[in-house]
Amino acid sequence: SVYGAALALPQIARTAGWSLEYTTLACHSMMFLLTNLMLQGFLLYMLSVEERTMAKFSGQPHLCDFGAQSSECPDSPNCIGPGGTVYTPDRMY
C-alpha cells in the first residue's frame, strides 16, 4: 500500500546510509502518498458538495414551472414567459 511504503522506505533509506537509490524510492513514495491524500480529500469534498446540493432540493431535481398556471392566462400576473412573451392558450403546445 501507499501508506506502508511511505512509512518503511525512509527507514530503509536511512539504514542503507541514504544511498541514492533508496532515497529516490523514499521520495517517490512520499510523492505518491501526497497524491493519494489529495485525491481522497478531493473526493470527500465532492461528496460533501453533492450532499449539500441535494439537501436543498430534498433529493428531488429542480424542475422548471413555466406555464404551471396556464389555465389563468393571459390575465394572471404569472403569464410572462422567457423573453418577456405572454402565455396564451393558443401558444401552448
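Our structure's up above, just so we're on the same page.
The sections below set out a description of the structure shown in this document. What you see is a predicted model, and the numbers here were worked out from it, not measured in a lab. Within each chain, residue numbers correspond to sequence positions counted from 1 in written order. Restriction of local features to residues with pLDDT of at least 70 applies here, the model being predicted, together with a cutoff of 80 or more for giving and counting side-chain atom pairs; totals for whole chains, interfaces and linings are based on all residues. Hydrogen atoms and water are omitted, and side-chain values are computed over all heavy atoms in the structure.

**A closer look at the overall build of the protein chain**
Stage number 1. Put simply, DSSP marks the helices as runs of H or I at least four residues long and the strands as runs of E at least two long, and each gets a number from the N terminus on. A count of helical and extended segments in the protein chain gives two helices and zero strands.
Stage number 2. Think of it in three bands: with a 1.4 Å probe and only protein chains considered, a residue is buried below 20% of the maximum accessible area for its type, exposed above 50%, and partly exposed in between. In the protein chain, buried positions account for 14% of the 93 residues.
Stage number 3. A separation of at least 24 residues holds for 24% of the contacts in the protein chain among residues at least 6 apart in sequence.
Stage number 4. Counting every atom, the protein chain has about 7,600 Å² of accessible surface; 66% of that belongs to carbon and sulfur. Contacts: residue pairs with any heavy atoms within 4.5 Å of one another. Per-residue and other accessible areas follow the Shrake-Rupley method at a 1.4 Å probe size, with only the shown protein chains counted as cover for residues.

**Re the environment of Leu 33**
Stage number 1. Its location among the elements puts Leu 33 in helix α2 (residues 20–56).
Stage number 2. Along the chain, Leu 33 and Gly 4 lie 29 residues apart, while their C-alpha atoms are 9.6 Å from each other.
Stage number 3. Ignoring sequence-local partners within four residues, the contact set of Leu 33 consists of Val 2, Tyr 3 and Ala 6.

**Overview of the side chain of Asn 36**
Stage number 1. Among the secondary structure elements, Asn 36 is positioned in helix α2.
Stage number 2. Judged by its relative accessible area of 18%, Asn 36 falls in the buried class.

**Section: unusual backbone geometry**
Stage number 1. Although it is not a glycine, Trp 18 adopts a positive phi angle of roughly 55°.
Stage number 2. Checked against the element boundaries, Trp 18 lands in the loop between α1 (2–15) and α2.

**Digging into a nonpolar patch on the surface**
Stage number 1. Taken together, the side chains of Leu 39, Phe 42, Leu 43, Tyr 45 and Met 46 make up a nonpolar region of the molecular surface, amounting to roughly 520 Å² of accessible area.
Stage number 2. Residue position: Phe 42 is located in helix α2. Like-charged residues within 9 Å of one another, or nonpolar side chains (Val, Leu, Ile, Met, Phe, Trp, Tyr) within 5 Å, are grouped into patches, provided each residue has over 30% relative accessible area and no salt bridge. Between Lys or Arg on one side and Asp or Glu on the other, a salt bridge is scored when a side-chain nitrogen of the former is within 4 Å of a carboxyl oxygen of the latter.

**Some words on the environment of Asn 36**
Stage number 1. In the structure, Asn 36 is positioned 33 residues away from Tyr 3 in sequence and 9.3 Å away in space, judged by C-alpha atoms.
Stage number 2. For Asn 36, the contacting residues outside a window of four places in its chain are Val 2 and Tyr 3.

**Brief notes about the side chain of Ser 29**
Stage number 1. Along the polypeptide, Ser 29 turns up in helix α2.
Stage number 2. A distance of 2.7 Å separates a polar side-chain atom of Ser 29 from the backbone oxygen of Ala 26.
Stage number 3. What Ser 29 contacts, discounting residues up to four positions off in sequence, is Ala 5, Ala 6 and Leu 9. Whenever a nitrogen or oxygen atom comes within 3.5 Å of another N or O atom, the pair is scored as a polar contact, on the condition that within protein one atom can donate a hydrogen and the other can accept it, and that pairs from neighbouring residues in sequence are kept only if both atoms are in side chains.

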